[in-house]
Amino acid sequence: MAIDPSDILLTGRVAVVTGGGEGIGKGIAEGLAAFGASVAIWERNPDTCAAAANRIAGALGVVTDVRDSDQVDAALNRTVDELGEVSILVNNAGGTFHSPLLDTTENGWDALYKSNLRHVLLCTQRIARRLVEARRPGSIINVTSIEGVRAAPGYAAYAAAKAGVINYTQTAAFELAPHSVRVNAIAPDLTLTEGLTRMSGGTLRADYAPGIPMGRPGHVDEIASAAVFLTSDMAAYITGQTLHVDGGTHAAGGWYHHPQTGRPTLGPPAQ
């Protein structure tokens, strides 16, 4: 079976992107639409939801808190009514805050679990049920993080949730494989987004990140490119995988190129 350039196209498919109001989610939504998908953005912020949907021809913006099962059900019903049956889901919604291990409260832990892991079950379950019942193929992508596979001081609850996303991806992929529903994950490292720029106080540079082997942060379009590939027929035999779109961070295992000497160095990035 020879591959064909058209295998990358998503024409005629309906995609849902959670947390698609800005950052990686917005980039993925734009990327899927550019390759032909009809896109619904599920975002709890009304302003960013509307703004992102308005940037994409034919997109549907649905104000949704995906941590709430009733809101997920309502969003799915509206999406199906207005765009058609969903065959692509990108579980991108998430969030974090600094919370040292000894200071993490039960409420803080639960909040980070709901923001980063609970909704992955809610959205996957509801869309996958419809796909299985209709005997239709589908593709689900869970956006996790490099923090799901390494220590994350001050962010233990967030990292635990992201690690859970990786394992959930593997298990869901196995259970849904007989139904031709593929489940994969994307794990970015430092990526230029509006939220990260705000957190950094404007100090984040697009051309400099010494702790990353490629020497720079990622761009949302680079994450979106991976998402387009994984949702397309080009990836028809790929499921249960976590693709690290991180400039080589995961592979490096703590090694980096010293900014002054260029030598491979193990340890904290030199200032």
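Please read all numbers here as calculations on a predicted model, not as lab measurements.

J.: A description of the layout of surface pockets should follow, citing residues and the corresponding values.
T.: Space inside the second largest pocket adds up to approximately 210 Å³. As for the second largest pocket, its lining consists of 14 residues, of which R150, G211, T249, G253 and G254 are closest to the centre. For the lining of the second largest pocket, the elements supplying multiple residues, two or more each, are α8 (249-252) and β10 (255-257). Considering every element that reaches the lining of the second largest pocket, the biggest residue donor is α8, with 3 residues. Partitioning the lining of the second largest pocket into residue classes produces 7 nonpolar, 6 polar and 1 charged.

J.: For the packing of helix α1 (residues 23-34) against helix α7 (residues 220-231), give the residues involved together with the corresponding values.
T.: Relative orientation of the contacting elements α1 and α7 amounts to 50 degrees, with a least axis distance of 8 Å. When the interaxial angle is binned, α1 and α7 end up oblique. In terms of crossing hand, the pair formed by α1 and α7 is right-handed. On the side of α1, the interface is formed by G23, I24, G27, I28, G31 and L32, while α7 contributes V220, I223, A224, A227, V228 and T231.

J.: Before we move on, can you summarise the environment of A251 with the specific residues and values?
T.: Mapped onto the elements of the fold, A251 is located in helix α8. Here A251 falls in the exposed class, since its relative accessible area comes to 73%. Along the chain, A251 and A235 lie 16 residues apart, while their C-alpha atoms are 22 Å from each other.

Calculation criteria
- Residues numbered from 1 in each chain as written.
- Predicted model: local features only at pLDDT ≥ 70, side-chain atom pairs only at ≥ 80, totals over all residues.
- Heavy atoms only, no water.
- 1 Å grid on protein atoms, 1.4 Å probe; cavity = no way out; pocket = protein on both sides within 12 Å on 5 of 7 lines; lining within 4 Å.
- Points joined across faces, edges and corners; volume = space filled by probe spheres on them.
- Helix = DSSP H or I, 4+ residues; strand = E, 2+ residues; numbered from the N terminus.
- Nonpolar A, V, L, I, M, F, W, Y, C, P; charged D, E, K, R; others polar.
- Axes fitted to C-alpha atoms, helices over the stretch in contact; angles between N-to-C directions.
- Parallel < 35°, antiparallel > 145°, perpendicular 65-115°, else oblique.
- Left-handed = near helix turned anticlockwise from the far one by under 90°.
- Contact = heavy atoms within 4.5 Å.
- Buried < 20%, exposed > 50% of the residue type's maximum accessible area, 1.4 Å probe, protein only.

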